[in-house]
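Structure assessment
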Amino acid sequence: MDIAVVIPAFNEAGSIFEVASAVAERGYDAIVVDDGSTDATFAEASSAGSKVLRHRTNRGYGAALTTGSEWAVLGGYDVIVHFDADGQHDPDEIAAIVEPIANGTADVTMGSRFLGRGEDIPALRKVLLKVAVVFTRAVSGVKLSDAHNGLRGFSRAAMRKLDCREDGMAYASEVVDRIGKLGLRYREVPVTVSYSAYSMGKGEGNVAKMRLGLRVLWTKLTH
């Protein structure tokens, strides 16, 4: 099967070469989307041998994933995997994400650090993640143990149906909502999430995550 690993990257010069190289070394096509970076992300990703797509301005996490995923669909890839650029994910676990899609038992796979290993999850982050699980089940009806994990896999057919529109971090909630509405077959896969000072510094803060949750809830209630 042809597998594309889409990696959204904004100012990830410190990690993108290692991440993209590790993905390529395991036999997958690394598709890096440089989301308007002002550092050497484009050069570092290119030197890793990745296919690099580029936004002229910073459009957001969701927009970068949409750009990379649409490119992969048009390119005829059978499976599209989303993979973070900050080194939190283990490239050896991509195979487990792909397997249920490859064998036809799922349309979508979602990584779960609570079924696998979440290394040194900060206490407040763990609480917020658990709240997000309850929130996601209530809003979308999709039962997950880890609602906001950036490691996901999609069949080409599933990705073509999703039609997500969120440009920012709300994409993570929107994609789950769309899975529920479309009745796509999904499966959770145990994965490892490694926290480091670098990865924690790159992500959104806890307050921002709470604001995002409230905005998603408000959107659901008013539409």
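Residues numbered from 1 in each chain as written. Predicted model: local features only at pLDDT ≥ 70, side-chain atom pairs only at ≥ 80, totals over all residues. Heavy atoms only, no water.

A few words on the pattern of salt bridges. In a structure, side chains of opposite charge can pair up when their charged atoms sit close to one another. Applying the stated criterion across every chain yields a total of 8 salt bridges. The shortest N-O distance in the salt bridge between Arg26 and Glu25 comes to 3.9 Å. Between Lys181 and Asp177 there is a salt bridge, and its shortest N-O distance comes to 3.7 Å. In this pair, Lys181 and Asp177 are both assigned in helix α7 (residues 171-182), 4 residues apart and thus about one turn of the helix distant. For Lys181, a relative accessible area of 59% gives the class exposed. In this structure, a network of salt bridges that share partners links the residues Glu25, Arg26 and Asp92. (Salt bridge = Lys/Arg side-chain N within 4 Å of Asp/Glu carboxyl O. Helix = DSSP H or I, 4+ residues; strand = E, 2+ residues; numbered from the N terminus. Buried < 20%, exposed > 50% of the residue type's maximum accessible area, 1.4 Å probe, protein only.)

Another aspect to go through is unusual backbone geometry. Its identity as a non-glycine residue notwithstanding, Asn11 has a phi of 50°, on the positive side. Here Asn11 is to be found in the loop between β1 (3-9) and α1 (16-25).

So, on to the packing of aromatic side chains. Tallying each qualifying case throughout the model produces 2 aromatic pairs. On the numbers, 6.4 Å between centres and 35° between planes, the contact of Trp71 with Tyr77 is tilted. The class for Trp71 is partly exposed, based on a relative accessible area of 31%. Taking NZ or CZ as reference, Arg54 lies 4.2 Å from the ring centre of Phe42, over its face. (Phe/Tyr/Trp six-rings, centres within 6.5 Å; stacked < 30°, edge-to-face > 60°. Lys NZ or Arg CZ within 6 Å of the ring centre and 35° of its normal.)

With that settled, consider helix α3 (residues 61-74). Taking 1.5 Å of rise per residue, the 14 residues of α3 would be expected to cover 20 Å, and the 20 Å separating its terminal C-alpha atoms lies within 8% of that figure. Along α3, 10 of the 14 residues are buried, which leaves the element largely enclosed by surrounding structure. Burial in α3 covers these residues: Tyr61, Gly62, Ala63, Ala64, Leu65, Thr66, Gly68, Ser69, Ala72 and Val73. Positive phi shows up at Gly76, right after α3, with a value of about 80°. (Expected span 1.5 Å × (residues − 1).)

Turning our attention to the side chain of Ser112. Counting through the fold element by element, Ser112 comes out in strand β5 (residues 108-119). Within the structure, Ser112 has its side chain in polar contact with the backbone nitrogen of Leu115 (distance 3.2 Å). Leave out the neighbours within four places in its chain, and Ser112 touches Ser145, Asp146, Asn149, Glu188, Val189, Pro190 and Val191. (Polar contact = N/O pair within 3.5 Å; in protein donor to acceptor, adjacent residues only side chain to side chain. Contact = heavy atoms within 4.5 Å.)

Counting 26 residues, the largest nonpolar core has Val108, Leu162 and Val175 as the members making the most contacts within it. Taken together, the elements giving at least two residues each to this core come down to β1, β2 (29-35), α3, β5, α6 (156-162) and α7. Examining the composition of this core, we find that 5 residues originate from one element, α3, more than from any other. If we skip the residues at most four places from it in the chain, Val108 touches Gly153, Phe154, Ala158, Ile179, Leu184, Arg185, Tyr186 and Arg187. Within the second largest apolar cluster, 25 residues are counted, among which are Ala9, Ala45, Ala48 and Ile94. (Core = buried A, V, L, I, M, F, W, Y, C linked by side-chain atoms within 4.5 Å.)

This part is about the pairing of strand β3 (residues 51-55). Judged from the 5 bridges that link them, β2 and β3 form a sheet pairing that is parallel. Bridging across to β3, Asp34 finds its partner in Arg54. Crossover handedness for the path β2 to helix α2 (residues 41-47) to β3: right-handed. (Pairing = 2+ DSSP bridges. Right-handed = clockwise from strand over helix to strand, strands pointing away.)

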